[in-house]
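Now for the letters of each chain:
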Amino acid sequence: MRYMFALAAVIVPIAGGALLGVLKFKKQIHRNIYVVATLVFCAAFTGAAALSSDISVNLLKVARGFEFAFKVDDLSRFFSLLAVLIWLIVTVYSFGYMENEHAQERFYAFFLMTAGAVQGICYAGNLITMYVFYEAMTLASFPLVLHEQSPAAFAACKKYLIYSFAGAALALIGIFYFSFISEGAAFTAGGIARIAQYADKKYMAGIYFIMILGFGCKAGMFPLNAWLTSAHPTAPSPASAVLSGIITKMGVFAIIRTTFYVVGTEFVAGSWMQTALLMLAGVSVLIGSVLAYRTDHLKKRLAYSTVSQVSYILLGVFLLNENAFKGALLHVAFHALMKSVMFLSAGAFIFKTHKIHVSEMKGIGKMMPKTMLFFTVAALCMIGVPPLGGFISKTYLVMGAFNFGGYLSYTLGGLLILSALFSAGYLLPIIVGGYFPGHDYETVYINKEPPASMRISIGTAAALLSIISVLPGALTAFIADIIIKLF
Amino acid sequence: MLLILLPLFPAAGAVTVLIAGRKNAKVRAYTVVAVCAIELVLVLMLAGHFSEPLTARIGGVADFGLNLTVGSFRYIYLVLTSLGWLLAALFGIEYFSHHHNLNRYYFFLLLTLGATMGVFASADLITTFIFFEIMSFSAYVLIVHDEKRESIEAANVYLGVSVISGLILLLGIYLLYHALGTVQIDSLYAAANGYANKKLLYAACGLMFFGFATKAGTFPMHVWLPKAHPAAPAPASALLSGIMIKTGFFGLLVIACEILRHDVLWGNILLVFGLATMLAGAFLALLSVDLKRILACSSISQSGFITTGIAMQCLLGTHNALAAYGTTLHMINHTLIKLCLFMLAGAIYTETHALGLNKIKGFGRNKTYLMIVFAVAALSLMGIAGTSGYISKTLLHESIVEQIAYSAADKMLWFYHVAEYVFMFTGGLTIAYMLKVFIAVFVEKPAAENAEAYGKKKPMRPLSAAAVTVPALMLIAFGFFPHKLCEKIAESALAFLHAHAAAHLPHYLSYTCIQGMLITLALGVILYFVLVRLLLMRKKGSANAHYVRGIPEWGDLEREFYRPVVLNVIPSFLAVFCRVLDRLGDMAAALAMMAYGFIKDEVYLTASKREGDEPVVGENAVLDTISSSLLLFSLGLLAVLSYIIFI
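Residues numbered from 1 in each chain as written. Chains lettered and ligands numbered in written order. Predicted model: local features only at pLDDT ≥ 70, side-chain atom pairs only at ≥ 80, totals over all residues. Heavy atoms only, no water.

### Some remarks on the overall build of chain A
Counting its secondary structure elements, chain A contains 20 helices and 2 strands. Scaling as 2.2 N^0.38, a compact globule of 487 residues should have a C-alpha radius of gyration of about 23 Å, and chain A matches this with 21 Å. The principal-axis extent of the C-alpha atoms belonging to chain A is close to 70 × 60 × 45 Å. Taken across its 487 residues, chain A has 67% of its residues classed as buried. The long-range fraction of contacts in chain A, counting pairs at least 24 apart against all pairs at least 6 apart in sequence, stands at 81%. Carbon and sulfur atoms provide 68% of the accessible area of chain A, an area that totals close to 15100 Å². Side chains of chain A give 33 positive and 19 negative charges; the mean places of these two sets differ by 3 Å. (Helix = DSSP H or I, 4+ residues; strand = E, 2+ residues; numbered from the N terminus. Rg over C-alpha atoms; globule rule 2.2 N^0.38 Å. Buried < 20%, exposed > 50% of the residue type's maximum accessible area, 1.4 Å probe, protein only. Contact = heavy atoms within 4.5 Å. Areas by Shrake-Rupley, 256 points an atom, 1.4 Å probe, with all protein chains shown as cover. Lys, Arg positive; Asp, Glu negative; His and termini not counted. Charge placed at Lys NZ, Arg CZ, Asp CG, Glu CD.)

Dropping the structure here:
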């Protein structure tokens, strides 16, 4: 019955979110306590699932090759713990941010349900189960994008849905195919034996490639990247934080599951698919970082940056070697934290000053020094200033790229550095202009720090980020456990 | 344990200072001095490891751990770094008595100290890089300190250059690690020696060279230096010029003495950069009219001398003792000279609130002590016999002469002759620009409006005077006891530079050495009269004679060339490409929707406009609709086609 923990971690937030539509709270604070309590329960169950040993269980057999299965292994522990952590931080933040927003009940209901769906993806034991939760996540998260109900939000939301469904449809081809030939496609570290032995590799290669493109949509990989930069900035900041921090990572997670736990690395390594996917990820890295540099809208800039940073991770996954994979997983954790911090502090800037463009934010560091400090920590981490985390993950990624061999490897290594350069180009001006606007801007600097709940949650995330990045021992040990089973 | 404290203790001190600063400004200033003094004591306690290296490791930090070691050349610079910071902190007590934001300044000052110590103590290149970057970023706050428009501008240039060079350096280190499988500094030579793919090795070293040489102010990456060093407050400029530049040389020495030890090609490349740098820096110094800017440009020029010394170490192979002695001593001298001169500039600035030569002209006429200290440092910089600068320059000169003698049959012989001429000529320029400063500040009469203010006898304040006296005294001692002090110190650095002890050292007072100095001196005086007095002054002879800037407005390499190229041209070029790709999905989606008859939906079609704005369905709607996307797409297609056809 150990699987009950994992199941509960999925069901509690979904049920809690659904109940929120029925329950009527007299005071906002009661609702807030309810939301936090639900997530704390979810976190407790996630923790319990993480502490228990590995589980693989079939819950329900719908048809042959169509089973509802759960699996708890190191990879799902890693992603589920990260998700629930970010969700808790963002939730505490959102109480301050959403205080005066409309339709809060709807927001929190779907916010919780999304959390449940994400847990479901992490604990899914086969492709079909993962697909169910994957779609559930899309459906549960679109009201978050829609929240403002402005025409722009409608447009972004429509785009989000179209892309997500297109991506899921592409993935679905592969899901059916692989479920069919392996009778259920239950995740197995190192790849499913029946798929490895399957004769018709030519079709399989094409289908695998299309499938990765489909999952790549959630991760913002080129060519299905355009929704991300519309949807993430349009959502309210707490939602942007989880969209960029966690939901994009679910795309990565699905790709890792498909590549390492279904088809196996031997099938992909050295093939045209690997080269093509590396190029696509490389192009996304470039697109994201260059366009972030050319965008003035702060949240949109951060969204572009997500495109490039998540593609770092994908690059690490597609390189299929230990160093790169280590870098990728490290970057998953670092990026989840730093992008959350960035979106949350961007939200705080907007919340207090109602300015949305970087060019208007000169001197913001004088008004909100603490929030800006947190932003700075995250930004330096993203640029890769040692000893912060981005430096560590980037080191492993570039090493991994070089290990790949050939000219592509040097190109990719150079690309990662170029992208870091651009990230310095789009992040440092925010900080520099924020702290040092020059004497021309010497207006009255009133203290505009956001409310305590926002400040504390951003601060917690930033502190956590600096601790795990300066002393990543525990994290790397955890990741080493995952890697040992895969290579 | 002691070794681990070197980088960590100042960081802890920085936090303490931040807390102390909330209570009392005086307590804070003395806390800073105390932290620096303790740091110096810590270094001195390691004196036993001067010749036998000691290593330590801080595991787990940034996953790779920090590997530290001490001894030889490293030890010299650990002493000089902590000493420099102590002097700067002492000087700062009086200099900063009316400044704002000192909590921030002192916090980052101490952080920079820890990081600089870390660079010099680092045992592997990843550790070097970690500390190097921390140093670069914390020094930004020192430069931007007064938050004036010019300072912010200069600091931003510094930051941009630091980030770019830092990342390129990092790429070089990655490549090196990929090639050799180690970045442990003392095992690099063994690994590189047996490595077959020399191309990759040169690529890695080239990238690392870019990173380190930028910090060292090498031409043409020097552009940040004449802006950033003068913008910082005087004690910080002293540290930037005197010590932080040397972290770049630490890296250059690792490349030249470990990875590419005795590599002739590398030596020739370095020599080109060295000569170009010394010449460019000296000219820039001569043409400038701002005291701190002249000193900063002089730092560039002196960097060129040091780079030349390193080049000679590569070229001379196993006979490179003279070059190794000269490089080490010139680095030490330059550190002391610039500590002294920048702090003196600060002392002048506190009284006059100006740094332009025309403003501060005649300030030092009746200030004997200021003049003596300044003269000691200036003479040493010029390399006049009897000073320590003379010793190091003679050694460098002798190493070029030696190279000429060794390569009599080499087809590069002409190049080494050129090197010698450039070396002498730059020596002359050095004398000319220092004469310019000295005569302007200490000999010429002040402008009428300042005459009264400057006429007052006002001695330097005690702590500041003490801070500038220490390096001056050291310079004198080094100059008077070349065999007992200079050579002993240089000898201890040889282990790091992998040079043999010199079989014979030149007699510093021999005819040939003195002759070289005299030629340079004569050249300098002539250059001074021809260039400065004739060409760079207006209204000569009259009461309001003044110096003019020799560099035209458009001569700013950074503003006119690097900045537009790096910030606009390259990104725009890439952005066109990326924008097309970014819209690709949208275009496909739009086409698909057209096929399904969704064309009426204007909202979707304008969705790519800036989010948060109302969708515009009117005059500008065209710009961000499907038609513009199609247009971009066709342009991209056109580009691709033309690429395929023509290339």
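### Description of the overall build of chain B
A count of helical and extended segments in chain B gives 24 helices and 4 strands. On C-alpha atoms alone, chain B measures out to a radius of gyration of 27 Å, which is about the 26 Å that the 2.2 N^0.38 rule sets for 647 residues. Referenced to the eigenvectors of the C-alpha coordinate spread, the extents of chain B come out at roughly 95 × 65 × 55 Å. At a minimum sequence separation of 6, the contacts of chain B that also span at least 24 residues come to 79%. Taken as a whole, chain B presents about 24800 Å² of accessible surface, with 69% of it coming from carbon and sulfur.

### Some words on the layout of surface pockets
Of the pockets and cavities examined, the largest pocket occupies roughly 2000 Å³. Surrounding the largest pocket, 47 residues form its lining, Leu373 of chain A together with Phe107, Phe108, Leu111 and Val141 of chain B being those nearest its centre. Elements represented by at least two residues in the lining of the largest pocket include exactly α15 (364-367), α16 (369-383), α18 (406-435) and α19 (452-470) of chain A together with α1 (2-23), α4 (102-121) and α5 (125-143) of chain B. Tallying contributions element by element places α4 of chain B first for the lining of the largest pocket, with 8 residues. (1 Å grid on protein atoms, 1.4 Å probe; cavity = no way out; pocket = protein on both sides within 12 Å on 5 of 7 lines; lining within 4 Å. Points joined across faces, edges and corners; volume = space filled by probe spheres on them.)

### Observations concerning the pairing of strand β1 (residues 55-63) of chain A
All names here are of chain A. Alignment of β1 against strand β2 (residues 66-72), held across 7 bridges, turns out to be antiparallel. Along β2, the bridge assignment pairs Ser56 with Lys71. Hairpin geometry of β1 and β2 is characterised by an intervening segment of 2 residues between the two adjacent antiparallel strands and by a positive phi of about 80 degrees at Gly65. (Pairing = 2+ DSSP bridges.)

### Observations concerning the packing of aromatic side chains
A full pass over the atoms with the stated rule returns 53 aromatic pairs over all chains. When the centroid spacing of 6.0 Å and the interplanar angle of 50 degrees are considered together, the rings of Phe68 of chain A and Phe133 of chain A count as tilted. Remark: Phe133 of chain A occurs in helix α5 (residues 127-146) and Phe68 of chain A occurs in strand β2; sequence separation between them is 65 residues. With a relative accessible area of 22%, Phe68 of chain A lands in the partly exposed category. Ring geometry for Phe95 of chain A and Tyr108 of chain A: centres 5.8 Å apart, planes at 45 degrees, overall tilted. Of this pair, Phe95 of chain A sits in helix α3 (residues 74-97) while Tyr108 of chain A sits in helix α4 (residues 104-123), and the two are 13 residues apart along the sequence. Residue class for Tyr108 of chain A comes out buried when judged on its relative accessible area of 0%. Through a chain of ring-to-ring contacts, three or more aromatic side chains come together here, namely Trp87, Phe95, Phe107, Tyr108 and Phe111 of chain A. Above the ring of Phe363 of chain B, the side-chain terminus of Lys367 of chain B is found at 4.3 Å from the ring centroid. (Phe/Tyr/Trp six-rings, centres within 6.5 Å; stacked < 30°, edge-to-face > 60°. Lys NZ or Arg CZ within 6 Å of the ring centre and 35° of its normal.)

### Things to note about the nonpolar core
With 422 residues, the main nonpolar core has Phe79, Phe178, Ile256, Phe318, Leu329 and Leu427 of chain A together with Ile259 of chain B as its most contacted residues. Among the elements that take part in this core, helix α13 (residues 321-352) of chain B stands out by supplying 19 residues, more than any other. Each residue touching Phe79 of chain A, except ones within four places of it in the same chain, is listed here: Cys122, Lys249, Met250, Phe253, Ile256, Leu329 and Val332 of chain A. (Core = buried A, V, L, I, M, F, W, Y, C linked by side-chain atoms within 4.5 Å.)

### Here's the deal with the pattern of salt bridges
Two side chains with opposite charge may pair up if their charged atoms get near one another. Under the definition given, this model contains 13 salt bridges over all chains. Across the salt bridge formed by Lys485 of chain A and Asp74 of chain A, the nearest N and O atoms sit 3.1 Å from each other. Within this pair, whereas Lys485 of chain A is found in helix α20 (residues 473-486), its partner Asp74 of chain A is found in helix α3, the two being separated by 411 residues in sequence. The exposure class of Asp74 of chain A is buried, given its relative accessible area of 11%. Among the ionic pairs, Lys148 of chain B bridges to Asp146 of chain B, the shortest N-O distance being 3.9 Å. (Salt bridge = Lys/Arg side-chain N within 4 Å of Asp/Glu carboxyl O.)

### Re α18 of chain A
Two residues of an α-helix separated by three or four positions point the same way, owing to the 3.6 residues in each turn. In this model α18 of chain A runs 44 Å from its N-terminal to its C-terminal C-alpha over 30 residues, within 8% of the 44 Å that 1.5 Å per residue would give. At Leu427 of chain A, α18 of chain A shows its largest kink, close to 30 degrees, and the proline Pro429 of chain A lies no more than four residues downstream. (Expected span 1.5 Å × (residues − 1). Bend = angle between axes of the 7 residues up to and from the residue.)

### Concerning unusual backbone geometry
With an omega of 10 degrees, the peptide bond running from Phe222 of chain A to Pro223 of chain A counts as cis. Relative to the assigned elements, Pro223 of chain A resides in the loop between α8 (201-218) and α9 (228-234). Here the residue pair Phe219 of chain B and Pro220 of chain B is connected by a cis peptide bond, since its omega of 0 degrees sits within 30 degrees of zero. Relative to the elements of secondary structure, Pro220 of chain B occurs in the loop between α8 (198-215) and α9 (225-231).

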